[in-house]
Each structure stands twice: as C-alpha cells, then as structure tokens.
Amino acid sequence: MLIWLHEAVHQIYFILAAVFALLLLRGLFKRKTRTNWVYDIIYAYTLIPFLLRALHIK
Amino acid sequence: MNNVFLRRLIILIVVLIVAFLGGREFWEIRHFKQSIVVSEDFTKKVMLSDYFEGIKGTWVDTPVYIYDSGNPGGSLLWLGGTHPYEPGAILPAYVAAENLKITKGKIFLIPVANRSAWTMGDYGMGYPKYFSLEANWGEKKFRIGARNSNQLDQWPDPFTYVHYPSRQNLAYQDIRNLNRTYPGYASGTLTERLAYAIMELTRQEDIDLFVDMHEASLMYPVVSTYVAHQDAEDIAMMAGMNLSAEQFPMKSESSPKSLRGLSHREVGDYSDALVVLMETAEPFIDRVAGKMTEELMIEGKDEFLQKAAEENLLYCDPEYDIEFGKPMWYRVGRHLSGTMEVIKQMGEFYPDKQMEVEFPLFFDLEEHGIMHFLHDPETADTDRLFYQ
C-alpha cells in the first residue's frame, strides 16, 4: 500500500509537470498582457524543464 | 496567420529544437551501457531483485556478479557505486570482476549499487558526463554519475527525511542517498527499498564481510580511511596498519553509533556481517577545486587544492602534492588493496571465514595502469561479456 502511495505521488508530479507545460504553452499564444517578444522567449524556454520532466527525460 | 502568432510559433520551434538536443543528451546518459568482461572464475549473474521483489523492474535493480569457488570459506559482498559520482569506487569493481580468481569462499560483487544515481550526472556542479581511459586495444568511456537516486525514479523529497527505523532526522535530499537509508524499509521509498534489498542479500547469503567503497573530498576528515562497525574494528585496524607499513597510509575509524543510515552502522547492526567502508581521496568532490574536467578526474591535479594543502586544510594521507595529484589508478589501487587486506585479516581473526582470492592490487596498478586489466569487449568471449 505504501509503495503504491509513493508511486502515485511520484506520478502526480509528472502529471503536474505536463499541466504546467500546457499552461505555459497557452500563455505563450493566448496571453493578453506582457505581449513583448522578450516574454515570448521567456514563456517558451521555461517550457523546457517541464517538458523534459513530463517526458521522463530529466 | 498574424505576425505575432508567427513570431511566437518560430520561437517555440527554436526552443523545442534546443529541448530536443538537450533531451537527447540526457536520454543517452540515462541509457548508457558499460561493458564488463568477467573473469574465468565467474559463476553467474543474478539481479538484486532476486533477493527482494520490491525493486523488480525499477531503475535501482542492479546486477550482482557471483564468484563461487565451490569450496567452503568466507563470503564477501563487495559494493561499488553506492555514490556513482565517485568513479574511483566503481572502477575497482570492474578491475576485480574482470580479473578475479577464487579458490576458497564466495564473492558477491555489485559494481554499481545505486544504478538510478548512475543514470544522471552532477551537471549543476559542472561535472563532465564521462571520462575515458586509454588501453592498448582502444579507448573506454566511463560515465560519471550522481550522488543520489535520480529524481525521475524517486520524487518529491520530503521537507525532512526521517530515517527508518531510528526516526533520526536527516537532510531532506538524503532520502535518495543509499548510504543514508540502511537498513532499508520494505515498504519505503525506492532508495529505502534498494537498501532493504542489499540487506536481504546480506542476510539470505549469510555474508561474512561487507565492503562498501567510496571516495571523499580531501577536506573531509574521513578520507584515506577505513570506517568499521565495532564488530569489524579489529580487522580494519590491523588491515590499516599493514597497508600503512607496506603499501600506502590508511587510517581506521570506528563507526559512530549515533550516525544513522550508513552502511558501516546499520548493516553491522542488522546482519551478522563484518562491515567496512573505505574512503579514498577524490579531488572532484572538494568545492575549492577549480575547473571540473576529465583531466582532473583522471589525474587529480588542482592548484587550488595545492593551496589548501599548504594552508593545512586537507586531511588526505599522504599529503596532497600537485606534482603527483590523486590519479585514478592510485585511488582504484587503494580500494583493491584495501579490500584484499580486510579479506586477509578476516581470515586471520576467523579461520573458518578464510578466503583465497586474487585480483590486481595497488602495486600492479602502479606498474601497469588500470586499463591493462580491463578487456576489449569487441574481442571478448560473448559468454563472459555483460552490459549493465
């Protein structure tokens, strides 16, 4: 049971990483404030750690 | 398609290309395989999960190479790679695996005890991913791992790690540190289960001697040292004296009873094995060292460490000298001779636990280097070739 709980919490973190990646992706294309291109780069590159974590790469 | 959307799309594509290039490197490191050409006295390979199902199919399940003479005698569980960012504690296991001869007793060899920690590196500290050594048959690449289990396999860390079963509070990240999770917990986190599996091997195989190889920073007092559980104090002290007289300076210390989770404390308390941990000097771990390069890993020469030595800030014995450094052959040789000496001393103190084994030692490595004793996987007999 405890092992199962550990695994469940662990997998939730991967799911959260994927959710944050999707939120950032939406923010990149749909945001209404801070529309400057510098923020485009910030939204885009902050995707990387969430994407790599969600894909079980890093 | 408006200009803003197009601009954002181009930026996203560029970032995805960067993510792909970086991700490919991380993936390659995680899936890197190391070859081992086992010696003729090799008996069989099993997986650690054969002793405890709770790690089967996980990234901490690791190969155990068994060398059984068939003759009664002592048994040794020999661990390398408890902390895979200490490659000088993994290479001795490769050298032994490829050259071991045994006529009395039995050896269980685990070259990489924490395989999960071996699947990533310490890139935040600027560590290189690999280092290479030259042999007369070519170059062999070795991965430099990390200290703790990979977060891909065990995450999140708690705010405070409460050690089982002592309830002692330890640093949060140490819940992924194999050498803070002994004696393990069958229903615990992945690293606790790994420690439990190693304990199960020790108990089920009735291991007499447990040797855990490590490397330490030169500024850490417990460097160039045996750390022994109180039951193994005699053999470690005698081994240290013999080594200091005949080969290289080796200190000996007793395992503190209040420091929980470490192999030299818990394995000794929770099994009948005589437990010894060995530390050799790895300049990479010192935070005062300069640029983290392959050369530093192999040669151990660093001007900042030299300055620290001149200021009497280092504990390694013999004293640090940049002319010599702390080369890999020296660190590997220390572990090989250090292990051989405790095997001999166990036989002296407990004749029923005598073992007759041979593998390259300190002076052999000084004369021939490490790669003289590692074999070309391309030309090896496939029955003796393993990738892990």
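Here, the structure is the one placed above.
Residues numbered from 1 in each chain as written. Chains lettered and ligands numbered in written order. Predicted model: local features only at pLDDT ≥ 70, side-chain atom pairs only at ≥ 80, totals over all residues. Heavy atoms only, no water.

*Asks:* Can you help me understand the packing of helix 1 (residues 2–30) of chain A against helix 2 (residues 37–45) of chain A in this one?
*Replies:* Angle between the axes and distance between the axes are the two parameters that describe a pair of packed helices. Residue and element names in this part refer to chain A. Relative orientation of the contacting elements helix 1 and helix 2 amounts to 165 degrees, with a least axis distance of 9 Å. Classified by the angle between their axes, helix 1 and helix 2 sit roughly antiparallel to one another. Helix 1 and helix 2 meet at a crossing whose hand is left-handed. Contact residues: Leu24, Gly27 and Leu28 in helix 1; Asp40, Tyr43 and Ala44 in helix 2. Looking at side-chain class alone, the contact of helix 1 with helix 2 contains four nonpolar, one polar and one charged residues. (Axes fitted to C-alpha atoms, helices over the stretch in contact; angles between N-to-C directions. Helix = DSSP H or I, 4+ residues; strand = E, 2+ residues; numbered from the N terminus. Parallel < 35°, antiparallel > 145°, perpendicular 65-115°, else oblique. Left-handed = near helix turned anticlockwise from the far one by under 90°. Contact = heavy atoms within 4.5 Å. Nonpolar A, V, L, I, M, F, W, Y, C, P; charged D, E, K, R; others polar.)

*Asks:* It is not clear to me how helix 5 (residues 263–270) of chain B should be interpreted in this structure. Could you clarify?
*Replies:* One full turn of an α-helix is made of 3.6 residues, so residues set three or four places apart face in the same direction. Residues and elements named next belong to chain B. Within helix 5, six of the eight residues are buried, which leaves it mostly tucked inside the rest of the structure. Three or more residues of helix 5 are buried, namely Ser263, His264, Arg265, Glu266, Val267 and Gly268. The elements touched by buried residues of helix 5 are helix 3 (190–204), strand 11 (209–216), strand 12 (225–228) and strand 14 (274–281). (Buried < 20%, exposed > 50% of the residue type's maximum accessible area, 1.4 Å probe, protein only.)

*Asks:* Just to check I follow, could you spell out the interface of chain A and chain B for this structure?
*Replies:* By a widely used convention, the size of an interface equals the accessible area lost when the partners come together. Taken together, the contact between chain A and chain B spans 26 residues of the former and 25 residues of the latter. Buried area between chain A and chain B, both sides added, is near 2,300 Å², and the carbon and sulfur share of it is 71%. Counting the contacts that link chain A with chain B gives two salt bridges. Across the pair Asp40 of chain A and Arg8 of chain B runs a salt bridge, and its minimum N-O distance is 2.9 Å. For the side of chain A that touches chain B, the secondary-structure elements that each account for two or more residues are helix 1, helix 2 and helix 3 (47–54) of chain A. The leading source of residues in the side of chain A that touches chain B is helix 1 of chain A, at ten residues. (Buried area = accessible area lost by both parts, 1.4 Å probe. Salt bridge = Lys/Arg side-chain N within 4 Å of Asp/Glu carboxyl O.)

*Asks:* Help me out: how do you make sense of the pattern of salt bridges in this one?
*Replies:* Here the idea is simple: oppositely charged side chains can pair when their charged atoms come close. Applying the stated criterion across every chain yields a total of 16 salt bridges over all chains. For Arg31 of chain A, the salt bridge is made with Asp40 of chain A, and the minimal N-O distance between the two is 2.4 Å. Accessibility classification places Arg31 of chain A together with Asp40 of chain A in one group, the buried group. Lys106 of chain B is the partner of Asp68 of chain B in a salt bridge, and the nearest nitrogen-oxygen pair spans 3.9 Å. Of the two residues, Asp68 of chain B is situated in strand 3 (residues 63–68) and Lys106 of chain B in strand 6 (residues 106–110); the sequence distance between them amounts to 38 residues.

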